[in-house]
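This is what each chain is made of:
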Amino acid sequence: MVMKVSQKVTAAQEWKQRMRAARHSLPDVVGQQMVLERVVETNPELDTLTNMTRWKNAWGTKVADPNITKAVEAAAQHFNDLYNPVEKRLQKQGLQRPDR
């Protein structure tokens, strides 16, 4: 009998990894507050105080939450589209953003 060397990745681990990847892909000037505002703007059903603990646990990757993870991935894409062209243009000129 042959033993499998690799472990299976559970769905919870996969969602946590996706949340970590989305958080790490954010530009340096974007923090949790800006992401939360964008998520609430695009998903108004998440804008309740009862979701505060849910958000905190999902953001800290303590719990796998597909709804919040998908919203954070969309927000990360939005901020990358917004900030990366400016960053590249400034780097070509040898400058930095004044808000750093």
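Structure report, in brief.

The rules behind these values
Residues numbered from 1 in each chain as written. Predicted model: local features only at pLDDT ≥ 70, side-chain atom pairs only at ≥ 80, totals over all residues. Heavy atoms only, no water. Helix = DSSP H or I, 4+ residues; strand = E, 2+ residues; numbered from the N terminus. Buried < 20%, exposed > 50% of the residue type's maximum accessible area, 1.4 Å probe, protein only. Contact = heavy atoms within 4.5 Å. Areas by Shrake-Rupley, 256 points an atom, 1.4 Å probe, with all protein chains shown as cover. Axes fitted to C-alpha atoms, helices over the stretch in contact; angles between N-to-C directions. Parallel < 35°, antiparallel > 145°, perpendicular 65-115°, else oblique. Left-handed = near helix turned anticlockwise from the far one by under 90°. Nonpolar A, V, L, I, M, F, W, Y, C, P; charged D, E, K, R; others polar.

As for the overall build of the protein chain
Within the protein chain, the regular secondary structure consists of four helices and zero strands. Walking the protein chain from its N terminus toward its C terminus, one meets helices and strands in the order α-α-α-α. Looking at the protein chain as a whole, 29% of its 100 residues are labelled buried. In the protein chain, the proportion of contacts linking residues at least 24 apart, taken out of those at least 6 apart, comes to 67%. Total accessible area computed for the protein chain in this model is approximately 7500 Å², and 53% of it derives from carbon and sulfur atoms.

Things to note about the packing of helix H1 (residues 11–24) against helix H4 (residues 66–93)
Viewed as axis vectors pointing N to C, H1 and H4 meet at an angle of 25°, and their least axial separation amounts to 9 Å. Comparing the axis directions of H1 and H4 gives the class roughly parallel. Judged by the sense of rotation from one axis to the other, the crossing of H1 with H4 is left-handed. Facing H1, whose interface residues are Trp-15, Arg-18, Met-19 and Ala-22, H4 presents Pro-66, Ile-68, Thr-69, Lys-70, Val-72, Glu-73 and Ala-76. When the residues that make up the contact of H1 with H4 are grouped by side-chain class, the tally is seven nonpolar, one polar and three charged.

A look at unusual backbone geometry
Phi is positive for Thr-61, which is not a glycine, with a value near 55°. Within the fold, Thr-61 resides in the loop between helix H3 (52–59) and H4. The exposure class assigned to Thr-61 is buried, which follows from its relative accessible area of 13%.

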